[in-house]
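One-letter residues, chain by chain:
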Amino acid sequence: MAKLLAVTIVIIAALSAVPILRHTWEPPPDISREGPAIDHQIDETMKEAGICFLAGQVVLALMIWAYAGRGREHKIGKLPGGALGMVILAFLIVGTEVIILGAVSSKVWAQVYFAPLKPGAVAVQVQAQQFAFYFRYPGPDGVFGPIHPDLINDATENFFGLDTDRDPASRDDIVTAEMAIPVNREIQLMMHARDLSHSFYVPALRIQQDFVPGLDLSIHFTANKIGRYEIVCTQLCGLGHYNMKAYLDVMSESDYNDWLKKEAALQ
Amino acid sequence: MHDLRAHATQHHGPPQSFIRKYIFSTDHKVIGKQYYGLGLVAVFVGMGLSWIMRLHLGWTDLRIPGLAWLSPNGAPGGVLTPEYYLQLMTMHATFMVFFVLTVAPFAAFGNFFLPIQVGAEDMPFPHINMMSFWVTFVAFCILVSSFFFSDGPALSGWTAYAPLSAVGAVAGPGQGVGQVLWALSIAVFCVGQLLGSLNFIPTTLDMRAKGLSLSRMPLTVWAWFITSCMGLTAFAVLMPACILLIMDHVVGTSFFIPSNLVVSGQIQPHSGGSTLLWQHLFWFFGHPEVYIAIVPAMGIVSHVLVTFMRRPLLSYKVVIGSMLSLAFLSYMVYGHHMFVSGMNPISSLVFSFPTLIITIPSTILVLIWLGSLYRSRLRITTASLFALGFISMFITGGVSGFFLAQPPIDIMVHATYFVVGHFHFVMAVAAIFGIFSGTYFWFPKMFGRMMSERLGKLHFWLTFVGVYCIFMPFHYLGLAGNVRRYQAFVDDYTMNLIPIHRFATVAALFTGAVQLIFLYNLVHSRFWGEKAPDNPWESTSLEWSTTSPPPYDNFGGRHPIVYHDPYQYGVQSATGSDYIMQDSPEEEQPEAAETNR
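Residues numbered from 1 in each chain as written. Chains lettered and ligands numbered in written order. Predicted model: local features only at pLDDT ≥ 70, side-chain atom pairs only at ≥ 80, totals over all residues.

> Can you tell me about the overall build of chain B, naming the residues and giving the values?
A count of helical and extended segments in chain B gives 17 helices and 2 strands. The C-alpha atoms of chain B give 24 Å as radius of gyration, which agrees with the globular expectation for 597 residues (25 Å, within 12%). In terms of its C-alpha atoms, chain B occupies a principal-axis envelope of roughly 80 × 50 × 50 Å. Per-residue burial for chain B yields a buried fraction of 63% across its 597 residues. Of the contacts made within chain B by residues no fewer than 6 positions apart, 78% connect residues no fewer than 24 positions apart. (Helix = DSSP H or I, 4+ residues; strand = E, 2+ residues; numbered from the N terminus. Rg over C-alpha atoms; globule rule 2.2 N^0.38 Å. Buried ≥ 20, exposed ≤ 12 C-beta atoms within 10 Å, placed from the backbone. Contact = placed C-beta atoms within 7 Å.)

Structure (structure tokens):
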């Protein structure tokens, strides 16, 4: 039975590795400037984690295979190096990995979060609510009009609570149900939660950021491939959480400008 | 230091009535069994809920027989509504994390065996101990009751993030009364566990038998002691957090609700609160909680493995040091649940480093277990199989932590099935394997009868393969971006992942059914199992020096004196065996064995 367990452990470990090695299930292809660094970090971690996983399972299997069922005629032996050896090994393997992974991942994180916003970035506001995303562009004046919660009315499609009569800045704001951005331009995404916690996840962009009700925060990114991509909510927000999604269209600069004009005309 | 042993002896005669013997008992052994029974009920309820969830995830329009009768609103025609899926999911996790993983390895086995392993007649505060179980039981009843009130239980997950969990019924079904009952249940649960810690700690520090120094305590005692210290601080934070949450609902405070929220078209009458505050309070509890779930299992697995390897671990002190390090570091890492929460990104980096570093004591433990197997005399029993299985599961669950510990990778896998796979391996599977190992190991002592080894091994094999089939695919789903807590998958990029969900569902149903073998074995053996000798496993710690089951005062009037450390295996005893009991006065005579400290 022990030998069967050892073989089973090895088979399970090997089978588990197959989909990873064959890249059977992968995230959508990356379309962002910051994405390659994140993908690279995942790949490097996969190698190290994979080696630790396989090595750990194989060693466990070997130990079971070799030492199960031994009777008193076999001497009990001490592992060379003993406990101190194991401690040193743990510090060496894991400690080194920790330092390297930690250092490199900090750099990648900094690229995503601490890099300054490029001048000329396109500002887009995204509002999350049960169970939809809406987007707002500031219009030619470049200023977002203030939000008035008491004016919010989904029936009249005043999702943001804009007072276009009294707030000049609101008059040219463009509110849409889909997000469009120009390719290869820095985008400043300003995130506002209308009701509860939500999250903005675009796997293709390698972005996931929670909204914080009461705290408007912003992130920035650059998409470098034209196409249509999904935005999904990942922070549990109620019964419609599974279906809370929108589309992101990455367009050429000219197509984007045409789209913006068309949307402005519909306001 | 005040001698609590005398106190326990004087005021603690054997009970006479049925009620005092079996219901409101102050006997730690009965309380341990009561906790175990509670955990057993909770695990089957939680597992049943997971079956319903997994069936729905595989086949969203499936009519599940009996469900419409159980909940006409939640499952009209037997098809789960989106909200009912989330409600069942919330309850599944709450039952499992609190009423199984905290109760069974810590409260159940700890209550039964901690006093015996330290040579005491009972815990120093038996009535508080009794209260700890019944308060926990009341918490369980409150949680179950939330199924039957208003529009059902909470749907905000076991993590109950604000403002969804705080604004009330306006946020959705179950978020009114259901959420309040959830928070009340958990607050009461915290009280129960705090009362438990109030006994575990003085038992360990003050009730030890003569000769049982701290460095002679079995690793299980160390594990329970460390866990109870963690419990004091962790539950002491969650309880007030739940009270504040209830106040936001019932009294109109705004601890977790900022101003100007418009929920379902209504401006909420709250201001000044912080949604992130809930997350900080919850995860300050939540991360130590997962170590509260796993450290007792580590202690059990270490203790069981030593017995069946017939040799001590490479180093007793290193194992204790590692468990202590895990406990200490567990308070520093909690922000890794919040990398993309909107907290300051610098904080994310700050939390990331101890999260990576906590891998070190975990790795040391795994290497010590593996290294101790080297040139041992490993005996294969069901208990040792589950202990070995624990190591496999812990390795698997542990390495997925490498990904989650790094904030930029967490951007991709946060709130996906990758996280679900990770925590199911380390908690749902590894910790449960620790519970199984402890059950098969200690059942003879608890009930005086042996469990069936044949059925036990069948249980092990089918469960071991089954859980890998369920949870390994979750990592692939997560890496592909499959978001968790969805009742159905409607996004274009996840359409090709549905077959994996169906595979996991079939595996889950199969593995769940296999647990009926365990249940049958448990019940059948309890009444008709072969009578157990006092020490069927030839183990050394004090519980094996008394009868199976132990008498009321644990040692039949005897006060054991401890002469040896807990793991005298691979020695030459005067009786010809390869071990010496802790309370045996004979001197240690190493065979060719080398004992390591």
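> Outline the overall build of chain A, listing residues and values.
Along the backbone of chain A there are 5 helices and 10 strands. Taken over the C-alpha trace, chain A has a radius of gyration of 26 Å; the compact-globule value for 267 residues is 18 Å, which it surpasses by more than 25%. Each of the 267 residues in chain A was classed as buried or not, and the buried ones make up 43%. Relative to all contacts within chain A whose residues are 6 or more apart in sequence, the contacts with residues 24 or more apart total 73%.

> Would you mind going over the sheet that holds strand β3 (residues 174-176) of chain A in detail, with residue names and values included?
Each strand in a sheet pairs with its neighbour through backbone hydrogen bonds, running either in the same direction (parallel) or in the opposite one (antiparallel). All names here are of chain A. Judged by pairing direction, the sheet is mixed, and its 5 strands sit side by side in the order β3-β2-β1-β5-β8 without closing on themselves. Across the chains shown, the open sheet's two edge strands, defined by having one partner strand only, are β3 and β8 (217-222). With direction set aside, neighbouring strand axes in the sheet form an average angle of 25°. Pairing analysis gives 7 bridges linking strand β1 (residues 122-129) to strand β5 (residues 186-193), with the strands arranged parallel. Note that in β5 the partner of Val126 across the bridge is Met191. (Pairing = 2+ DSSP bridges. Axes fitted to C-alpha atoms, helices over the stretch in contact; angles between N-to-C directions.)

> Hey, could you go over the domain arrangement of chain A for me, with residue numbers and the actual values?
By a frequent convention, interface size equals the accessible area lost on bringing the separate parts together. All names here are of chain A. As assigned here, chain A comprises domain 1 (2-67 + 83-113) and domain 2 (122-266). Distance from the C-alpha centre of domain 1 to the C-alpha centre of domain 2: 37 Å. Opposite the 10 residues of domain 1 that make contact, domain 2 presents 12 residues. Classifying every residue of the side of domain 1 that touches domain 2 gives 5 nonpolar, 2 polar and 3 charged. (Domains from an automatic or database assignment. Nonpolar A, V, L, I, M, F, W, Y, C, P; charged D, E, K, R; others polar.)

> Tell me about the interface of chain B and chain A, and name the residues and values.
Between chain B and chain A, the residue contacts involve 92 residues of the former and 90 residues of the latter. Among the elements of the structure, α5 (82-117), β1 (262-263), α9 (275-309), α11 (345-357), α12 (359-373), α13 (382-404), α14 (407-413) and α16 (453-479) of chain B are those that each provide at least two residues to the side of chain B that touches chain A. In terms of residues, the side of chain B that touches chain A owes the most to one element, α12(B), which gives 10 residues. Residue composition of the side of chain B that touches chain A, by class: 58 nonpolar, 24 polar and 10 charged.

> Explain the packing of helix α15 (residues 417-447) of chain B against α16(B) to me, and be specific about the residues and the numbers.
Residue and element names in this part refer to chain B. Interaxial distance between α15 and α16 falls to 7 Å at its minimum, and their mutual angle equals 165°. Here α16 runs roughly antiparallel to α15, going by the angle between their axes. In terms of crossing hand, the pair formed by α15 and α16 is left-handed. Residues Tyr417, Phe418, Val419, Val420, Gly421, His424, Phe425, Val429 and Tyr440 of α15 touch α16, and the partners they reach there are Gly456, Val467, Phe471, Phe474, His475, Leu477, Gly478 and Leu479. When the residues that make up the contact of α15 with α16 are grouped by side-chain class, the tally is 12 nonpolar, 5 polar and no charged. (Parallel < 35°, antiparallel > 145°, perpendicular 65-115°, else oblique. Left-handed = near helix turned anticlockwise from the far one by under 90°.)

> Pulling in residues and values, what's your account of unusual backbone geometry?
Here Gln130(A) and Phe131(A) are connected by a cis peptide whose omega angle stands at -15°. Relative to the elements of secondary structure, Phe131(A) occurs in the loop between β1 and β2 (132-137). Along the chain, Ala162(B) connects to Pro163(B) via a cis peptide bond; the corresponding omega equals 0°. Take Pro163(B): it is sitting in the loop between α6 (126-145) and α7 (177-206). One non-glycine residue with positive phi stands out, namely Asn260(B), at about 65°. With respect to the helices, strands and loops of the structure, Asn260(B) is situated in the loop between α8 (219-250) and β1.

> Outline the pairing of strand β7 (residues 207-210) of chain A, listing residues and values.
A regular strand carries its side chains on alternate faces of the sheet. With burial as the criterion, each face of β7(A) is covered, one bearing Ile207(A) and Gln209(A) and the other bearing Gln208(A) and Asp210(A). A loop of 4 residues connects strand β6 (residues 199-202) of chain A with β7(A), the two strands running antiparallel in sequence, and Arg206(A) in this loop sits at a positive phi of about 60°.

> Describe in detail α15(B), supporting the description with residues and values.
Side chains of residues three or four places apart in an α-helix project in the same direction, reflecting 3.6 residues per turn. Maximal helix bending in α15(B) amounts to about 45°, located at Phe441(B); proline Pro444(B) follows within four positions. Residue Gly448(B) follows α15(B) closely and has a positive phi angle near 75°. (Bend = angle between axes of the 7 residues up to and from the residue.)

> Describe α12(B), with residues and values.
All names here are of chain B. The end-to-end C-alpha distance of α12 is 21 Å, a good match for the 21 Å that 15 residues give at a rise of 1.5 Å each. Counting buried residues along α12, 14 of its 15 residues qualify, which places the element largely inside the surrounding structure. Positive backbone phi, at 50°, marks Arg375, one or two positions downstream of α12. (Expected span 1.5 Å × (residues − 1).)

> Account for the nonpolar core, naming residues and giving values.
Ranked by internal contacts, the top residues of the largest apolar core, which has 280 residues, are Ile64(A), Ile294(B), Val295(B), Met323(B), Ile368(B), Phe390(B) and Ala430(B). Counting residues per element, this core draws most heavily on α5(B), at 23 residues. A domain-level breakdown of this core finds at least three residues from each of domain 1 (2-67 + 83-113) and domain 2 (122-266) of chain A. When residues no more than four places from it in sequence are discounted, the contact partners of Val295(B) are Ala223(B), Ile226(B), Thr227(B), Met323(B), Leu326(B) and Ala327(B). (Core = buried A, V, L, I, M, F, W, Y, C linked by C-beta atoms within 7 Å.)

> Give me the pairing of β5(A): which residues, what numbers.
Summarising the sheet, β5(A) and β8(A) pair through 6 bridges and their orientation is antiparallel. Paired with Leu189(A) across the bridge in β8(A) is Ile219(A).

> Residues and numbers for the environment of Leu54(A), please.
Residue and element names in this part refer to chain A. Positionally, Leu54 belongs in helix α2 (residues 35-67). Spatially, the C-alpha atoms of Leu54 and Ala17 are 8.3 Å apart, while their sequence positions differ by 37 residues. The contact partners of Leu54, leaving out residues within four places of it in the chain, are Ala13 and Ala17.

> Which residues make up the environment of His336(B), and what values do they have?
Residue and element names in this part refer to chain B. By secondary structure assignment, the location of His336 is in the loop between α10 (316-329) and α11. Residue His336 is classed as buried on the basis of its C-beta count, with 23 C-beta atoms lying within 10 Å. A C-alpha to C-alpha distance of 9.2 Å links His336 and His287, two positions 49 residues apart in sequence. Apart from residues no more than four positions distant in its own chain, His336 is found in contact with Phe351, Ser352, Thr355, Leu404 and Ala405.

> Describe the environment of Leu248(A), naming the residues involved and giving the relevant values.
All names here are of chain A. Note on placement: Leu248 falls in strand β10 (residues 245-251). Accessibility expressed as a C-beta count within 10 Å gives 25 for Leu248, which makes it buried. Through-space distance from the C-alpha of Leu248 to that of Ile181 is 7.6 Å; in sequence the pair is 67 residues apart. For Leu248, the residues in contact, after removing those within four places along its chain, are Met179, Val202, Tyr229 and Ile231.

> Tell me about the packing of α2(A) against α13(B), and name the residues and values.
Direction vectors running N to C along α2(A) and α13(B) enclose 170°, while the axes themselves pass 9 Å from each other. Classified by the angle between their axes, α2(A) and α13(B) sit roughly antiparallel to one another. Of the residues in α13(B), those touching α2(A) at Thr45(A), Glu48(A), Ala49(A), Cys52(A), Phe53(A), Gly56(A), Gln57(A), Leu60(A) and Ile64(A) are Leu388(B), Ile391(B), Ser392(B), Ile395(B), Thr396(B), Val399(B), Phe402(B) and Phe403(B). Taken together, the residues that form the contact of α2(A) with α13(B) break down as 11 nonpolar, 5 polar and 1 charged.

> Explain the confidence of the model for chain B to me, and be specific about the residues and the numbers.
All names here are of chain B. Residues at a pLDDT of 70 or more form 97% of chain B, whose mean pLDDT is 94. Confidence drops under a pLDDT of 50 for residues 593-597, and excluding neighbours within four residues, the segment shows 16 contacts in the predicted structure. In the predicted assembly, ipTM is 0.95 and pTM is 0.95. (pLDDT = per-residue confidence, 0-100.)

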